[in-house]
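Topology and contacts: notes
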Amino acid sequence: MSTTFQSGGGHTFRVLVVDDEPALLELTRIYLERSGDLQVEVTPSPLQGLGMLATAPYDAIVADYDMPEMDGIALLKEVRNRGIGIPFIIFSGRGREEVVIEAINNGADFYLQKGGDPSARFAELRNVILQEVRRGQAEVEAQRSRDMYRSIFEYTGSATVIIEGDMTVALANSEFARLTGYPREEVEGKMPWTTFVVAEDLERLSGYHRQRRLDPGAAPEIYEFRMVDREGREKDIHMTVGTIPGTDRTVASMIDVSDQKRFEEELSAAHEQMAAAFEEAKASQESLAAQCREMEDYQATLRGIIDFLPDPMFVLDRAGTVVIWNRAIESVTGVPKSRIIGSGAGIISKLTSGLHYPLLAETLLSRGGRPDGDGTVREIHIPSPGGGEGTYLWGKASALYDARGRISGAIESLRDITAQKQADAQIRHRVDLERMVSSISARFVALDPADLDDALDETIRALGSFLDVDRSCIFRLSSDRTRAENTHEWCAEGIESQIARRQEVSIASLSWGMAQIAAGRTICVPDVVDLPAEAVAEREFLREYGVRSVILVPVATAGKVRGFLGFETVAKERSWSGNDVALLTVVGNLLADLLVRLRAHEQLRESEERFRPLVERSHDCYIRATRQPPAIEYVSPSWERLTGYTREECRSDPGLVKRSVHPDDRETFLALMREPGADRLYAFRALRKDGCYNWVEVCPIPVYGDDGRLVAVDYAVHDIDAWKQAEAALIEANKKLSLMNSIVRHDILNQVTVVLGHIALLRDRPLDQDVAAALEKQQAAAEIIRSQIEFTRDYQDLGVHSPRWFLIEPLVAAAAKALRPTGIRIATDLGGLSVYADPLLSAVFYNLLENALRHGKTVTTVRVTAVPDGGGARIVWEDNGVGVPIEQKERIFERGFGSHTGLGLFLVKEILSITGLTIRETGTPGEGARFEITVPEGCARIE
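All values reported here derive from a predicted model rather than from experimental measurement.

Across its full length, the protein chain holds 26 helices and 35 strands. Across the protein chain, contacts joining residues at least 24 apart in sequence account for 55% of those joining residues at least 6 apart. About 51,100 Å² of surface is accessible on the protein chain, with carbon and sulfur atoms providing 53% of the total.

Most of strand β5 (residues 88–92) is tucked away: 5 of the 5 residues are buried. Burial along β5 is two-sided: F88, I90 and S92 facing one way and I89 and F91 facing the other are all buried. Pairing between strand β4 (residues 60–63) and β5: 3 bridges, direction parallel. Bridge pairing in β5 places V62 opposite I89. Crossover handedness for the path β4 to helix α3 (residues 72–81) to β5: right-handed.

Okay, a nonpolar patch on the surface next. Residues L762, L767 and V771 make up a contiguous nonpolar surface patch of about 210 Å² in total accessible area. Considering the arrangement of structural elements, one finds L762 in helix α22 (residues 721–763).

With that out of the way, let us pick up the packing of aromatic side chains. All told, the structure shown has 14 aromatic pairs when counted by the stated rule. With centroids separated by 4.8 Å and ring planes inclined at 55°, the aromatic side chains of Y208 and Y223 adopt a geometry described as tilted. Placement of Y208 in helix α8 (residues 199–214) and of Y223 in strand β9 (residues 222–228) is noted, with a sequence separation of 15 residues between them. Take Y223: its relative accessible area is 9%, and that puts it in the buried class. A cation sits over an aromatic face here: R14 above Y58, 4.8 Å from the ring centre. The aromatic ring of W805 is capped on one face by R941, whose charged end is 4.1 Å from the ring centroid.

With that settled, the discussion passes to empty space enclosed by the protein. The full count for this structure, using the stated rule, is 8 cavities of 30 Å³ or more. As for the largest cavity, its lining consists of 21 residues, and the residues nearest its centre are L510, F541, L542, L552 and F564. Taken together, the elements giving at least two residues each to the lining of the largest cavity come down to β17 (471–477), α15 (511–518), β20 (523–525), α16 (536–544), β21 (549–557) and β22 (560–569). Per-element tally for the lining of the largest cavity: the top contributor is α15, with 4 residues. Classifying every residue of the lining of the largest cavity by side-chain character gives 16 nonpolar, 2 polar and 3 charged.

Time to look at the side chain of S92. You can see S92 is positioned in strand β5. A polar contact of 3.4 Å, which involves the side chain of S92, links it to the side chain of D64. Excluding anything up to four places from it in sequence, S92 contacts D64, Y65, Y111, L112, Q113 and K114.

Taken together, 6 strands build an open sheet; the order of strands is β19-β18-β17-β22-β21-β20 and the sheet is antiparallel. The open sheet has two edge strands with one neighbour each: β19 (505–506) and β20. Direction of pairing for β20 relative to β21: antiparallel, over a ladder of 3 bridges. For I523, the partnering residue across the bridge sits in β21 and is L552. The strands touched by α15 are β17, β20, β21 and β22; relative to β22, the strand with the most contacts, the crossing angle is about 120°.

This next bit is on the pattern of salt bridges. Tallied over the entire structure, the rule returns 49 salt bridges. One salt bridge connects E164 with R249, and the closest N-O pair in it is separated by 2.8 Å. Separated by 85 residues along the polypeptide, E164 in the loop between β7 (159–163) and β8 (169–172) and R249 in the loop between β10 (234–243) and β11 (250–256) bring together distant segments of the chain. Since its relative accessible area comes to 22%, E164 is described here as partly exposed. Of the residues examined, R249 reaches a relative accessible area of 32% and is grouped as partly exposed. R680 serves as the salt-bridge partner of E675, at 3.9 Å between the closest nitrogen and oxygen. On the basis of relative accessibility, which here comes to 30%, the residue E675 falls in the partly exposed class.

What follows covers the sheet that holds strand β31 (residues 861–869). Backbone-to-backbone hydrogen bonds join strands into a sheet, with any given pair of strands oriented parallel or antiparallel. Ordered by their spatial adjacency, 5 strands build an open sheet running β29-β31-β32-β34-β33, and the pairing between neighbours is mixed. Pairing within the sheet leaves two strands with one partner each, and these edge strands are β29 (825–829) and β33 (918–921). Going from strand to strand, the sheet's axes swing by 15° on average, the running direction of each strand aside. Pairing of β33 with strand β34 (residues 930–935) involves 4 bridges; the strand directions are antiparallel. Bridge pairing in β34 links T918 to T934. Together, β29, β31, β32 (872–879), β33 and β34 form the strand contacts of helix α25 (residues 841–855), whose direction differs from that of β32 by roughly 25°.

What follows covers helix α14 (residues 452–466). Taking 1.5 Å of rise per residue, 15 residues should cover 21 Å, and α14 covers 21 Å from first to last C-alpha, within 8% of that figure. Those residues of α14 that fall on the buried side of the exposure criterion are L452, A455, L456, T459, I460, A462, L463 and G464. Phi turns positive one or two residues past the end of α14, at D468, with a value near 60°.

Mapped onto the fold, D665 is located in the loop between α20 (656–660) and α21 (666–674). Given a relative accessible area of 7%, D665 falls into the buried group. Among the polar contacts made by the side chain of D665, one reaches the side chain of R685 at a distance of 2.8 Å. D665 has contacts with F684, R685 and W695, leaving out every residue within four places of it along the chain.

This next bit is on unusual backbone geometry. The backbone of R820 shows a phi angle near 50°, a positive value even though the residue is not glycine. With respect to the element layout, R820 can be found in the loop between α24 (808–819) and β29. Positive phi outside glycine occurs at K857, with the angle close to 65°. Mapped onto the fold, K857 is located in the loop between α25 and β31.

Looking now at the nonpolar core. Core analysis: the largest hydrophobic core is formed by 70 residues, its most contacted members being L53, I808, L841, V844, F845, I875 and F931. In this structure, I875 is in contact with I808, L833, V835, F845, V864, T865, A866, F931, E932, I933 and V935, ignoring residues within four places of it in sequence. Within the second largest apolar cluster, 25 residues are counted, among which are L27, F91, F110 and L125.

So, about a negative patch on the surface. Judged by side-chain charge, D451, D453, D454 and D457 come together as a negatively charged surface patch. Within the secondary structure, D457 sits in helix α14. In this structure D457 comes out as partly exposed when scored by relative accessible area, which is 34%.

Turning our attention to the environment of L456. Looking at the secondary structure, you find L456 in helix α14. Each C-alpha atom of the pair L456 and L591 lies 8.6 Å from the other, and the pair is 135 residues apart in sequence.

The rules behind these values
- Residues numbered from 1 in each chain as written.
- Predicted model: local features only at pLDDT ≥ 70, side-chain atom pairs only at ≥ 80, totals over all residues.
- Heavy atoms only, no water.
- Helix = DSSP H or I, 4+ residues; strand = E, 2+ residues; numbered from the N terminus.
- Contact = heavy atoms within 4.5 Å.
- Areas by Shrake-Rupley, 256 points an atom, 1.4 Å probe, with all protein chains shown as cover.
- Buried < 20%, exposed > 50% of the residue type's maximum accessible area, 1.4 Å probe, protein only.
- Pairing = 2+ DSSP bridges.
- Right-handed = clockwise from strand over helix to strand, strands pointing away.
- Patch = residues over 30% accessible without salt bridge, like charges linked within 9 Å, V, L, I, M, F, W, Y side chains within 5 Å.
- Salt bridge = Lys/Arg side-chain N within 4 Å of Asp/Glu carboxyl O.
- Phe/Tyr/Trp six-rings, centres within 6.5 Å; stacked < 30°, edge-to-face > 60°.
- Lys NZ or Arg CZ within 6 Å of the ring centre and 35° of its normal.
- 1 Å grid on protein atoms, 1.4 Å probe; cavity = no way out; pocket = protein on both sides within 12 Å on 5 of 7 lines; lining within 4 Å.
- Points joined across faces, edges and corners; volume = space filled by probe spheres on them.
- Nonpolar A, V, L, I, M, F, W, Y, C, P; charged D, E, K, R; others polar.
- Polar contact = N/O pair within 3.5 Å; in protein donor to acceptor, adjacent residues only side chain to side chain.
- Axes fitted to C-alpha atoms, helices over the stretch in contact; angles between N-to-C directions.
- Expected span 1.5 Å × (residues − 1).
- Core = buried A, V, L, I, M, F, W, Y, C linked by side-chain atoms within 4.5 Å.
- Lys, Arg positive; Asp, Glu negative; His and termini not counted.
- Charge placed at Lys NZ, Arg CZ, Asp CG, Glu CD.

Quick look at the structure:
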């Protein structure tokens, strides 16, 4: 620090003041040096000030905000970048809350606004300088002391911790972190000491901890315990504990003695193992005899288990003699074990039909037990005596070995797999039918209307052949639903066609069957004789055409029946599984979807032919892009005028539009591609063929298919280049006007401050009464000029920038941070509310808080809440001050009303009105002010 000593024993601090107004610099130096405890050096140049900081030490810096070489924030950043941490105070005429917030966020120690009574303002500046310099000195001394003690604590060489009275670890060194496996930031101030103590030692150590706080001499200072680290490992710890005088804290030092403990335990364990080995050898002889007895019992049990197994099986010994013939195989073959046991394997083939020589077990024995190839498994078919499919068995043989690993025989088992064979056949049939349905579906997806009849003929031919029927056909209902027409037919070889005879089938004459079809139910009749009694007409109709079995499948979509599929047998009766019926129902639905889609395609083509002349003569450009496959299907003629490219170039190069988008507008274009159904407009720049960018506005129009899926997007492209150029020119003009206003306003405010400062100096001297009165009037006039100039600063930015979404919570916090309301508690309950408003919305909450500080008088609490209100919201700002008199509630928002400038609440109302927000005061006089901000629908959202 650059502190010097006065002759009287006090300290003198060196201060550097930077301000581009020389007259104001001189005034500042005069006021600050009047008390004699500050030595002030001034400069009008921020760059010169940086040079002075490099050559001489200073205790504090005071800087203006608006300066030509660099503003106060830029100077602050440069000072901090050079590692200079002395207090930095912004002393400026700029009172906007965003400037205050920016200064504080960038490391300014204080922000003080120029204006008001110069004597009071400069006195406040002097107090701030002294307070911040002394606070900085105190922090440096405190940090030096903390660093010294932490260094001693860290490098003691053993694991050390400081423990609070509630057992929380307040501080831990790196050796403790290594010992426990926990990083220090996870332990300090967060974890209790008991976390590291095993459960068995926890009560003992907790008792020591309590005793030490009642009587430090009652608890031992050195003892051992077991610690558990982060990985769950237990360690033996030798610990020394002492109390820190004057506190309820203790310091504990620990040493890991686990290795020493382990060596002692291993030595003891080795002795015990030697004694146990002797006892084990003694017992092994007795165990061997018991194992022999258990082996005999095991063999008897094994024979019993095999005899009662549900699968038929038999066992051959090493010589091929049958030694086991279980009850299940007796039941299957009808041969009792008394005729088999003890005989050679050949007798089995003689007495049992279907078990042919050589048996699987014989083959395995002949190979020495090696299961080569497929010789140990076999599928066996035993014909049924009465004809039919018979029985399928699956046989398997396995070798048996004795205790020394030599082959001792073979076992052969059989299992009935007839049901499994039948299930496999049904599964194959279902898979084949599913593949056929999938193939039909795939063909229908991309079917051209011209190929419809061929596709339908091929479909019923494939289905009829697969289902092994004699005739398959398609019937379509007439538009008045009174007749059914046989439109497509396939007949097996030798089966007579009936399509010519079934062109005008009356629906009324077949009421039962058509009621089933109309209800969407499939009719499956294995034998027409079994039709219900109410289906007499249907039975006679089918017999007329020689039908013996039939399936009728509805062709329906969206609850509307359009016809049906028919599958008939003539030569023999036929039944179908539930899976067949279900998949044929799917085919009916696919066929209905196809007919609807083709009809929709025809209607779309007719619609396009009607509207194409309107689109092609429009000034705007229209583009249609399909989704599957992704392609540009149509481009209107105005594309060539808008971009300079031909329509063929656009259709042949789908990436042309994306490459043409200006790099700064890529996000807007990508949003357009991601949100084809969004109800909004997208504006971006596109590169023309001649190399110039053109502003366009695009409206996406989604096109959905009958199934509700997005099939294409129509893009309406409008040329807005002329409007954008005019908008850019207007924005540039506003920027230049705003810059000029800012420069003039800054200069005027500096001169006003100089005038007020010299008036204050004159008033400190004996003056004539008339002169004093004249100075009073001059000061009042200067104050009015300053307030009016400051108001133009806020009002000139009103509505200049586009509205955006703002979270309310950070704006309230920023206002509180900028104004630093002493003795006032600010509570919020905003529930994540965001509001669509002008960027000056932050000034609303700044002015509301300033209004409470200036006029509330007795305010101790400010509460800000938000509640939903229909599609919008209400923000309520209320305090517990003196409130607003009833007769002033409407006038407080008028320009010029009030005891100060009368511009704060007027500005609040103007900012809110830009996006339709309104404000009113609804508080009770004497109980506090209450402002309600109403946010309309569409301008509020809660995240």
